[in-house]
Amino acid sequence: MIATPDRTPLTREFFDRPVLEVAPDLLGRVLVHTTPDGPIELRLTEVEAYDGENDPGSHAYRGRTPRNGVMFGPPGHVYVYFTYGMWHCMNLVCGPEDQASAVLLRAGEVIVGAEHTRRRRLSARNDKELAKGPARLATALGVDRALDGADACAGPDNPFALLTGTPVAPDQVRSGPRTGVAGDGGVHPWRYWIANDPTVSPYRAHAPRRRT
DNA sequence: GTTACGATTTACT
DNA sequence: GTAAATCGTAACA
């Protein structure tokens, strides 16, 4: 029996901590995105930490650019990037400011508004696949670069918010290498997920692209 | 201006 | 299991 999720918004202070502390603490939290179709709510089941300018796997590794500028801003905001010419992925910026660390939201369980996500996720064979993977998660929510920089701490009446939810017990948190991260960026066990959760995406090693 | 590649997903053998 | 899809971004010339 799962307790009723706490709908108090997560505070700026929650995100203004080292990213390796925030990332596992996000599991079980509830993301709210209000779309033109209606609200969608997602319980986070899998995340990945990216530790600022010293992390070879991070978009911030080579310094600030037009794309990653939000990562260098205050914590508690959304960083959205476009990749592979097709997909969007979303992150939450963690503090302290100028550290440029963030948590990639890799997977979740849709708990409200599944009917809206199914229209965007026609290849999903069941509801567990609606947000099983970072690009699938963003697609299910209808998130794109328009949300880049949005404040996740402004409360549930805003287009985007993170609520306290029901954080998972520490003994239910698992960790391992990050998925699809090249080179030295793949060595750290900075991927976190909820044990035995059916919405967690499978691990994949980085696949170098073949020459044309 | 040109080039190489990506914090992925999907379809197909 | 492998390969195609598809284009913004950043590095390099």
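Above this text sits the structure in question.
Note that the structure is a prediction, hence the values are computed from the model and not measured.

Visitor: Can you walk me through the protein's contact with DNA strand B in this structure?
Guide: Taken together, 23 residues lie around DNA strand B, and His59, Asn91, Ser123, Arg136 and Arg209 are the ones closest in. Sugar plus phosphate: this is where 45% of the atoms of DNA strand B within 4 Å of the protein reside. Within the contact set of DNA strand B, a base nitrogen lies 3.4 Å away from a backbone nitrogen or oxygen of Tyr84. Measuring from a phosphate oxygen of DNA strand B, one finds a backbone N or O atom of Ala135 at 3.0 Å. Where the surface near DNA strand B is concerned, the elements lending two or more residues are β5 (87–94), β6 (101–112) and α4 (134–141). Looking at the surface near DNA strand B element by element, the count peaks at three residues for α4. Class assignment of the residues belonging to the surface near DNA strand B gives a composition of nine nonpolar, nine polar and five charged.

Visitor: What should I look at first to understand the pattern of salt bridges in this one?
Guide: Should their charged atoms come close, side chains of opposite charge can pair. Evaluated as defined, the whole model comprises 16 salt bridges. Residue Arg178 is joined to Asp55 by a salt bridge in which the shortest nitrogen-to-oxygen separation is 2.8 Å. With Arg178 in the loop between β8 (173–176) and β9 (191–194) and Asp55 in the loop between β3 (38–51) and β4 (78–83), this residue pair connects regions lying 123 residues apart in the sequence. Both residues of the pair, Arg178 and Asp55, count as buried. Ionic pairing is found between Arg118 and Asp127, a salt bridge with its closest N-O pair at 2.8 Å.

The rules behind these values
Counting restarts for each chain, with residues numbered from 1 along the sequence as it is written. Starting at A for chains and at 1 for ligands, labels are handed out in the order in which the entities are written. Where local features are concerned, this predicted model is filtered to residues with pLDDT of at least 70; where side-chain atom pairs are given and counted, the filter is 80 or more; whole-chain, interface and lining totals use all residues. Computation of side-chain values: all heavy atoms of the structure, hydrogens and water removed. The rule for a residue being near a molecule or strand is that one of its heavy atoms must lie within 4 Å of it. We define a polar contact as two N or O atoms separated by no more than 3.5 Å, with the added condition that, inside protein, one atom must be a possible hydrogen donor and the other a possible acceptor, whereas residues neighbouring each other in sequence contribute only through side-chain atom pairs. Only DSSP runs of H or I covering at least 4 residues are called helices, and only runs of E covering at least 2 are called strands; the numbering of each starts at the N terminus. The classification used treats Ala, Val, Leu, Ile, Met, Phe, Trp, Tyr, Cys and Pro as nonpolar, Asp, Glu, Lys and Arg as charged, and all other residues, Gly among them, as polar. Between Lys or Arg on one side and Asp or Glu on the other, a salt bridge is scored when a side-chain nitrogen of the former is within 4 Å of a carboxyl oxygen of the latter. For the exposure calls, accessible area comes from a 1.4 Å probe over protein chains only, and a residue counts as buried if that area is under 20% of its type's maximum, exposed if over 50%, partly exposed in between.

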